[in-house]
Amino acid sequence: MKKTLLFLLIFTFLMTPINVNAECIEPPQIAAKAAIVMDQKSGRILYEKNINEKLPMASTTKIMTLLLALEYGNLNDIVTVSKRAASVGGSSIWLAPGEKLSLIDLLYGLMLNSGNDAATAIAEHIGGSVEKFAEMMNKKAKDIGAYNTNFVTPSGLDIGINNHYTTAYDLALITRYAFNNYSKFAEIVSTKEKTIPWSGRDYDRYLRNKNKMLWQYEGGDGVKTGFTNKAGRCLVASATRDGHRLISVVLNSGPMWEDSQKILDYSFEKYKPLKIVSKCQVLKTISVINGKEKYLPLQYNDDFTLPVSKEEILNIKVEYNIPKSIKAPIGIGEKVGIAKVLLNDEQIVTIDVVAGKTIDERDYNYNLKTIIKNWVNIFQAENS
C-alpha cells in the first residue's frame, strides 16, 4: 500500500507544472521585523522570520473584529453609533453620534477604509462595550491557538497602550481560521470598492480598499493593512492561484508591499499543491464479523492537499491506524480508524478513515434464508 501510494504521489507531482529550478530557490531577504507565509488549507508554514516575536499589529487587529462580528452578529442588525465610537481618531468612515447603519455596512467600512469608528461601533454592538469585546477577542484567540496574542482595542489604535500585541504566526492562524469558517470573510476582505449609506445626506459613502495587493498582485484576494507609529507598517495579505490560497503576514515592514510580494512569490514558486488523499478513495477492505457481507471497503473522509517542494516528494508517508476486522452492523460514513500524513517523519494532519458502505448484522431470518438457499443450490447441483 505504501509503495503504491508513493508511486501515485510521484506520478501526480511529475504531472504538475513546476519551475525546474524550484529546488534552487532561496528564501528572500526582507525588511520586515517578523513575517510568515502559511498555506490556508493545510496550515503548513512555507516561509518564516521571527514568527513568534510579540509585536504590535495596528489595524490588522480588525481581522479579529470582523471574525467575531461574523460569529456572533446578525449582518442585518441595525447598529446605533455611540458618541464614543464617533469620536475615535485615526482612519475613519466619518460616523456621527446616533447614526444608524446595518452591521454588514459597518463591516465593509471596517475592512476597506479601516474605520476605527466602525470598529468601536461594532465592538459595542457585539460585546456591549469595547472592554467586554476585547475579552471576547482574547478568548477567541486562545480558542484558535493564538497563545501569544493580547487584544485591548478592536481597532488596533495603540496610543498609550503597551499590551496590545500578536505574532506573525498567531495573526496568520487567526486569518486562516476566518477563511476556513466564514465565506463572508473572504467576500468582504477581497472587495475593492463599495458604497454604503450616509445618514442625513443625499449621497452614499464611497469606500476604497487600502490593500493594494488586490490590484497589483496576481491572485490577490485579501486581507488587511495597518499602521501606527508604534507598530510600523503591517500587512496581512492573501493570494489564490489555481485554487491554492496562501496567507502572508509582515509586521513592522517599511516596504510592506514589496516584502509581501517577495515572500508570496517565493512560496508559490517553491511549493506546489499535491493532493495526498482524496475523499471517498478506497484505501483497502477489512473483514466483517457477523455481517451480511464479508468485506467492508474503507475510505478517506476528506481530501487533503499539501504544498511541497520537488525534493520533498520522497519524504511523504501515510500511516494507518485501522482494525483488521470489524463487527456488524456498521453504517456508511462511520469512523473506523485514522490515517496520518507525515512529511520528513513529522505528522502534518490526521484524516478519518470511514466505512464505505452500510453492512447490516446477520439475524435469525437472514441465517435461515442463507441455509435454505444453500440447500436449494446443493439440491440443484446434484440433480443437474
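Here the structure is a predicted model, which is why all the values come from computation and not from measurement.

(A) Molecular detail of the overall build of the chain. Scanning the chain for helices and strands turns up 11 helices and 17 strands. In the chain, buried positions account for 50% of the 384 residues. Contacts in the chain between residues at least 24 apart in sequence constitute 64% of all its contacts with a sequence separation of at least 6. Split by element, the accessible area of the chain, about 18400 Å² in all, is 50% carbon and sulfur.

(B) View of the environment of Gly222. Tracing the backbone through its elements, the reader meets Gly222 in strand E7 (residues 220-228). What makes Gly222 buried here is its relative accessible area of 0%. In the structure, Gly222 is positioned 37 residues away from Phe185 in sequence and 9.5 Å away in space, judged by C-alpha atoms. In this structure, Gly222 is in contact with Val189, Asn211, Leu214, Val236, Ala237 and Ser238, ignoring residues within four places of it in sequence.

(C) Here's a closer look at the sheet that holds strand E17 (residues 346-355). The strand order E14-E16-E17-E12-E11-E15 describes an open sheet built from 6 strands, whose pairing is mixed. The open sheet has two free edges, formed respectively by strand E14 (316-321) and strand E15 (325-327), since each of these has just one partner strand. Geometrically, the sheet is characterised by an average inter-axis angle of 35 degrees between neighbouring strands, direction not taken into account. Here strand E12 (residues 295-300) runs beside E17; their pairing, made up of 3 bridges, is antiparallel. Paired with Tyr300 across the strands is Val353, a residue of E17.

(D) Structural detail: the pattern of salt bridges. In this structure the tally under the stated criterion is 15 salt bridges. A salt bridge links Arg241 to Glu218, with the nearest nitrogen and oxygen atoms 3.9 Å apart. Of the two residues, Arg241 sits in strand E8 (residues 232-241) while Glu218 sits in the loop between helix H9 (213-216) and E7, which places them 23 residues apart along the sequence. Three or more residues are tied together by salt bridges with common partners; here these are Glu218, Arg241 and Asp265.

(E) Just the packing of helix H2 (residues 62-72) against helix H5 (residues 116-127), in detail. Direction vectors running N to C along H2 and H5 enclose 35 degrees, while the axes themselves pass 10 Å from each other. Helix-helix and strand crossings are classified by hand; for H2 and H5 the assignment is left-handed. Facing Lys62, Thr65, Leu68, Ala69 and Tyr72 of H2, the residues of H5 in contact are Asn116, Ala119, Ile122 and Ile126. Considering only residue class, the contact of H2 with H5 consists of 6 nonpolar, 2 polar and 1 charged.

(F) Structural context of H2. The element H2 is extensively covered by neighbouring structure, given that 9 of its 11 residues are classed as buried. Those residues of H2 lying buried are Lys62, Ile63, Met64, Thr65, Leu66, Leu67, Leu68, Ala69 and Leu70.

(G) Layout of the sheet that holds strand E1 (residues 34-39). What the 5 strands build is an open sheet, ordered E2-E1-E9-E8-E7; its pairing is antiparallel. Every interior strand has two partners, whereas the edge strands, strand E2 (45-49) and E7, have only one. Ignoring strand direction, the axes of neighbouring strands in this sheet form an average angle of 5 degrees. Of the strand pairs in this sheet, E1 and strand E9 (residues 244-251) are connected by 6 bridges, and their pairing is antiparallel.

(H) Molecular detail of the nonpolar core. One finds Met64, Leu66, Leu106, Leu107, Phe185 and Leu251 to be the most contacted residues of the largest nonpolar core, which totals 61 residues. Here Leu107 is in contact with Leu66, Ala69, Leu70, Leu75, Ile122 and Ile188, once residues within four sequence places are set aside. Ile286, Leu296, Ile316 and Ile322 belong to the second-largest nonpolar core, a separate cluster that totals 27 residues.

(I) Molecular detail of the UniProt feature "active site" (unreviewed entry) in the chain. In the UniProt entry, the feature "active site" (unreviewed entry) is given for Ser59, Lys62 and Ser114. In sequence the annotated residues extend across 56 residues, while in space they remain close, none of their C-alpha pairs exceeding 7.9 Å. For Ser59, the location among the structural elements is in the loop between E2 and H2. Setting aside its immediate chain neighbours within four residues, Ser59 contacts Ser114, Asn116, Ser155, Lys224, Thr225, Gly226 and Phe227. Tracing the chain through its elements places Ser114 in the loop between helix H4 (103-112) and H5. For Ser114, a relative accessible area of 4% translates into the label buried.

About the criteria used
Residues numbered from 1 in each chain as written. Predicted model: local features only at pLDDT ≥ 70, side-chain atom pairs only at ≥ 80, totals over all residues. Heavy atoms only, no water. Helix = DSSP H or I, 4+ residues; strand = E, 2+ residues; numbered from the N terminus. Buried < 20%, exposed > 50% of the residue type's maximum accessible area, 1.4 Å probe, protein only. Contact = heavy atoms within 4.5 Å. Areas by Shrake-Rupley, 256 points an atom, 1.4 Å probe, with all protein chains shown as cover. Pairing = 2+ DSSP bridges. Axes fitted to C-alpha atoms, helices over the stretch in contact; angles between N-to-C directions. Salt bridge = Lys/Arg side-chain N within 4 Å of Asp/Glu carboxyl O. Left-handed = near helix turned anticlockwise from the far one by under 90°. Nonpolar A, V, L, I, M, F, W, Y, C, P; charged D, E, K, R; others polar. Core = buried A, V, L, I, M, F, W, Y, C linked by side-chain atoms within 4.5 Å. UniProt positions renumbered as here; feature names shortened; annotations may be inferred.

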